[in-house]
Amino acid sequence: MSEVLQSREKARDPLTGFRLLRIGLNPPRKELYGRLNRRAAAMFTDGLVEETRGLQERYGPVKALDSLGYRQGLAVLAGILSAQAGIEAAQQGHRNYAKRQLTWFRRELEVHWLEGFGNEAEIARAAMELVEKATD
């Protein structure tokens, strides 16, 4: 069996010797999307296009520059998107990615879903209670 196949087989083995606690955060979608939009806009304001230019000059067309944010930065540099359109495309991309993540993790069994953001005191307390129960 090739190393790749062996690696894939091992990845399918369940974790043994560990107690797992799965905690998922499910903040209100409108608030989540607002945060994602502000973050994507801030990336551009804080120099994403210039950073992308520097990375492209230094490393050329590497796969990492096809990730969220950099992809839109490259489009702005190429004149395909305006700066505003680049921000909007990055915002949409981040919202789509967040939605895919939530869909993926909803398939996980035994997730303790908390309805909020991890930096909220009430959510942090609820998470700690789950951890304490799991370690008893």
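Nothing here was measured: the structure is a model prediction, and the numbers come from that model.

Q: I tried to follow the packing of aromatic side chains on my own but got confused; where do I start?
A: For any pair of aromatic rings, the description consists of the separation of the ring centres together with the inter-plane angle of the planes. Under the defined criterion, the tally for this structure stands at zero aromatic pairs. Seen from the ring of F117, R35 lies directly overhead, with NZ or CZ sitting 3.5 Å from the centre. In this arrangement the basic side chain of R106 is found over the ring face of W113, its NZ or CZ atom lying 4.8 Å from the centre.

Q: Explain the side chain of H94 here, please?
A: Among the structural elements, H94 can be located in helix α5 (residues 83-106). Residue contacts for H94: discarding those within four places in its chain leaves L36, R39, A40, M43, L68 and G69.

Q: Which parts of the structure should I look at to understand a nonpolar patch on the surface?
A: The grouping of I23, L25, M128 and V131 at the surface amounts to a nonpolar patch, some 300 Å² of accessible area in total. Those elements that place two or more of their residues in the nonpolar patch are β1 (22-25) and α6 (121-135). Turning to its location among the elements, V131 is positioned in helix α6.

Q: It is not clear to me how the nonpolar core should be interpreted in this structure. Could you clarify?
A: Looking at soluble globular proteins, one finds that nonpolar side chains tend to be buried together. Judged by nonpolar contacts, A40, F44, L48, V49, V76, I87 and A90 together constitute the single largest core of seven residues. Judged by nonpolar contacts, the second largest core, of five residues, contains L32, L36, L102 and F117.

Q: Whenever I open this one, the side chain of T52 confuses me. Can you help?
A: Inspection of the secondary structure assignment puts T52 in helix α3 (residues 48-59). For T52, a relative accessible area of 0% corresponds to the buried category. Not counting residues within four places of it along the chain, the set of residues in contact with T52 comprises L65, Y70, G73, L74 and L77.

Q: Quick question: what am I supposed to make of helix α4 (residues 70-77) here?
A: Residues separated by three or four positions in an α-helix point in the same direction, a consequence of the helix having 3.6 residues per turn. Here α4 has its buried residues at Q72, G73, A75 and V76. Here the buried residues of α4 occupy an arc of 160 degrees about the axis, which is enough to place them on one side. At its buried positions, α4 is contacted by α2 (29-45), α3 and α5.

About the cut-offs
- Residues numbered from 1 in each chain as written.
- Predicted model: local features only at pLDDT ≥ 70, side-chain atom pairs only at ≥ 80, totals over all residues.
- Heavy atoms only, no water.
- Phe/Tyr/Trp six-rings, centres within 6.5 Å; stacked < 30°, edge-to-face > 60°.
- Lys NZ or Arg CZ within 6 Å of the ring centre and 35° of its normal.
- Helix = DSSP H or I, 4+ residues; strand = E, 2+ residues; numbered from the N terminus.
- Contact = heavy atoms within 4.5 Å.
- Patch = residues over 30% accessible without salt bridge, like charges linked within 9 Å, V, L, I, M, F, W, Y side chains within 5 Å.
- Areas by Shrake-Rupley, 256 points an atom, 1.4 Å probe, with all protein chains shown as cover.
- Salt bridge = Lys/Arg side-chain N within 4 Å of Asp/Glu carboxyl O.
- Core = buried A, V, L, I, M, F, W, Y, C linked by side-chain atoms within 4.5 Å.
- Buried < 20%, exposed > 50% of the residue type's maximum accessible area, 1.4 Å probe, protein only.
- Arc of directions from axis to C-beta.

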